[in-house]
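Summary of the model geometry
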Amino acid sequence: MGLGLKWYHFALWIGFIIFMLLMPEMVSKGTLRTIIFANFLAIFAISWDILSGRTGYISFGHPFLIGIGAYTTAILTKRFDVGVEYAIPLAIAMTMIGGTIMFLPALRIKGSYFALVSLAFMELMYQLVQVIRPDLTGGTRGMSGLVTLTRGAVNGYYLSFTIMIIVALSMWLLMRTRLGTALSAIALNEESVKGSGLSPTKLKLFAFMTSAFVAGLGGAFYVHYLGSIAPRALFDINFVFTIIVATLIGGASTIVGPMFGAFFLTFLLEYLRPYLPGAERYLIYGVIALLLYMYQPKGLYQIMINQFNRFKKDEDDG
Amino acid sequence: MKVKLLRVVAISMSMLFATTAIAEIKVGFIGSLSSDTGLSTLRGAEIAIDELNAKGGVLGQQIKLVTADTRQDVTEGVKAYEYLAETEEVDFIISGSIDDVSLGWLPRMQEYQIPTLDTWTSYIGIIDMLVEDYDSMKPYFMNIASDEALATLYIDFGKDVLVDKMGWKSTVILQEDTAFGGAIHGLISQAMAPVAGIDVVETIVYDVATVDFAPLYSRAVASGADFIYLISSVNSQVVSSQYVKLQVPMGMTGVNVAPMGQDYWEDTGGMGGGMSTLTPIPAVGMKLDPASQAFVDTYQAKYSSRPIIPHFNGFNAYHGLKQAMAAAEEAGGFNNTTWVSAMEKQDLILELDGELWLRYAFWGNDEVEPRTGRKYPHNLRFDITEPFDDGAPSMVVIQWYEDGTNAVVYPEKYANGEFTLPSWVKK
């Protein structure tokens, strides 16, 4: 397979997993709640990274996919009493169909045009949810009192972390294969990929499908964590920007970077809350994110790699 | 290098493990800190807490208020509720949240069972949740009349004033493209218009970022309707002031959030005359009982920034928070059974000139409201039948006049002004 795995890869992943599993013993429940949101944001950011970070097809409409997953399971469980064990897989399947629909414009357009079309998908979904069968979707106000899979911060934390780590680890491994390399090549030069005998269409379809799978999985579990859903909470430009900023701040096209970015952004906002309860914290948050991005456009992941290399060099030198 | 790394790790860990100490009675505010309505609830709660603390607090302890901003965002609302519950460990939560934000954090309220009072949301769906699942929803109280009660009385306004007095038979709805707009549109097109005998000839939906309403008003005039029904909550001073500036030659009423605040006249640069809207009470232009007037006086002495007079939910927060603390005194704490029973019994009757003017009490779990024939557990005890002697009406209609004054025009008991057309509209 040629995954290029080193011993320290295993050590870092295992160390991270053990650290996270011990987290409920070390931090307050309030902090766990914050990490739960960070876990879900990490899933969404990884999903965006697979599609946009890898292939260069910038999606401004990712909530379209997340929303399909979330709304499908919400409607099935709330309106038709379908068990979550069936509703969630069906939601993921529906999201993958949504991913196929979103993929169609990518056959003809790219760059900023695709970004705008993807944004239109989100806007279309926002309108559809409110207009088409509001008796099912809950219309503008959405739905509350949905089935929740867990109660309490600790259980919610373990569930969200388990999903996040499975997604992160499997996607990290997938992107280290030749398939992952080929996806990155699409972003660099689609024509060259074609010239090398590979099918960019199939590769892009794979990226859209995989991204949709992760988005659907995350969206479905997210809604069963929240216990409520509203169109304004999902199909919102701020939600898109949060996902994109988390990926870029963490380090696009790295899978691990979006995880860092999601944790950094979520914690930054929550730790500012007691000191700046109003809108000011979003200003500080924006300034810090901007400065960080200006300092290292490749994100936190690259900063950590650089620190690690410097640390290693210091060790080697003396 | 190692020392630097260790220092960074140590600082990060100390931030991660930081928790807040708990001492006094903690009240959490959840709502938008950047809206007039959110600030009204917050300030109403602050004044109530100041007054209670000056008298020794509650349960022998001082009350501390902590805030959690929702930015009127549903997900931020969930995070805010979790923050209040798990990081701040508050005893009681007062909310100035809008509908979908409240619906977002309600599952958390059901999980934590923290006594919670909503002062702004009026969504009947939440009361329905209490009807269906009283046990898990019982710590929740809403001290604003639910929108269904509000609609019932508003249909009366449609019949009594728009049809009988003005002789209007058809309307064109001018509706903003928001959740609020969609919900109110349903109320008007499916409830008020058919019952009152008003024909909705057209609905014009506009984006909240619209700055030029001339084409939309032209379309409304071309529809041939008798009057415009405006539904606006975001930037509604823009659509209102352009109605005056363009001297649109037809009457306009509706559900318009900007005129519900006393800041409306300044916000429109003095071009807000002729606009009328339904509003929950206490409303601008409405005479106040002595206790509520004293609250406004304290408010104006304490705050110099907008809103210059609290919106209705500010009054709800002020009176409601005091009732919640009185219930805690009676119950010996905020236990979700004893406190709920004590809160259900709270009954504050505020009189003006010897007659009931406002009433802060709640419908019981088994009580049926006679006119609608349904239950409203833990909803404000409103009265939707004249002469309004069991409670205050669920809403009033107010009007702004061209000289910058305002008055209540419906219902008659509360009216201190006439529903009129602006001077440029021919009768």
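Figured I'd write up the structure that's included with this text. This structure is a prediction, so every number in the text was calculated from the model and none was measured.

About the cut-offs
- Residues numbered from 1 in each chain as written.
- Chains lettered and ligands numbered in written order.
- Predicted model: local features only at pLDDT ≥ 70, side-chain atom pairs only at ≥ 80, totals over all residues.
- Contact = placed C-beta atoms within 7 Å.
- Helix = DSSP H or I, 4+ residues; strand = E, 2+ residues; numbered from the N terminus.
- Nonpolar A, V, L, I, M, F, W, Y, C, P; charged D, E, K, R; others polar.
- Expected span 1.5 Å × (residues − 1).
- Bend = angle between axes of the 7 residues up to and from the residue.
- Buried ≥ 20, exposed ≤ 12 C-beta atoms within 10 Å, placed from the backbone.
- Pairing = 2+ DSSP bridges.
- Core = buried A, V, L, I, M, F, W, Y, C linked by C-beta atoms within 7 Å.
- Axes fitted to C-alpha atoms, helices over the stretch in contact; angles between N-to-C directions.
- Parallel < 35°, antiparallel > 145°, perpendicular 65-115°, else oblique.
- Left-handed = near helix turned anticlockwise from the far one by under 90°.

Focus on the interface of chain A and chain B
- Each partner contributes to the interface: chain A provides 32 residues, whereas chain B provides 33 residues.
- Every element with two or more residues in the side of chain A that touches chain B is listed here: α2 (29-55), α11 (231-234) and α15 (300-317) of chain A.
- Examining the composition of the side of chain A that touches chain B, we find that five residues originate from one element, α2 of chain A, more than from any other.
- In terms of residue class, the side of chain A that touches chain B is built from eleven nonpolar, 13 polar and eight charged.

So, the environment of Met271 of chain B
Residue and element names in this part refer to chain B.
- Structurally, Met271 can be placed in the loop between α11 (264-267) and β10 (276-279).
- Considering only alpha carbons, one finds Met271 and Asp207, 64 residues apart in sequence, at a separation of 21 Å.
- For Met271, the residues in contact, after removing those within four places along its chain, are Ser241, Val244 and Lys245.

Concerning α2 of chain A
All names here are of chain A.
- Between the first and last C-alpha of α2 there are 38 Å, a value that for 27 residues agrees with the 39 Å anticipated at 1.5 Å per step.
- Roughly 40 degrees is the biggest bend found in α2, and it falls at Asp49.
- For α2, the tally of buried residues reaches 26 of 27 residues, placing the bulk of the element in the interior.
- Looking one or two places after α2, you find Gly56, whose phi comes out positive at around 80 degrees.

Points about the pairing of strand β11 (residues 347-352) of chain B
Residues and elements named next belong to chain B.
- Looking at chain direction, β11 and strand β12 (residues 355-361) are connected through six bridges and run antiparallel. Within the sheet, the bridge partner assigned to Ile349 lies in β12 and is Arg359.
- If you look at the hairpin formed by β11 and β12, you'll find two residues sitting between the two strands, and Asp353 has a positive phi there, around 50 degrees.

Considerations on the nonpolar core
- If you look at the biggest cluster of nonpolar residues, it comprises 225 residues, and the most contacted ones within it are Ala42, Ile46 and Ile229 of chain A together with Leu84 and Val396 of chain B.
- Tallying contributions element by element places α2 of chain A first for this core, with 15 residues.
- Excluding anything up to four places from it in sequence, Ala42 of chain A contacts Met164, Ala168, Pro258, Met259, Ala262 and Phe263 of chain A.

Thoughts on the packing of helix α4 (residues 84-106) of chain A against helix α10 (residues 200-226) of chain A
All names here are of chain A.
- Contact geometry of α4 with α10 gives a least axis separation of 7 Å together with a crossing angle of 140 degrees. The angle between α4 and α10 places the two elements in the oblique class. Handedness of the α4/α10 crossing: right-handed.
- In the contact of α4 with α10, the residues fall into 16 nonpolar, seven polar and one charged.

Regarding unusual backbone geometry
Residue and element names in this part refer to chain B.
- For the peptide bond that leads from Arg306 to Pro307, omega is -5 degrees, which places it in the cis range.
- Residue placement: Pro307 occurs in the loop between α12 (290-302) and α13 (312-331).
- The step from Glu386 to Pro387 runs through a cis peptide bond, and the omega angle for that step is 15 degrees.
- Residue position: Pro387 is located in the loop between β12 and β13 (396-400).
- Phi at Gln247 takes a positive value of approximately 45 degrees, unusual for a residue other than glycine.
- With respect to the helices and strands, the residue Gln247 is situated in the loop between α10 (236-245) and β9 (251-256).

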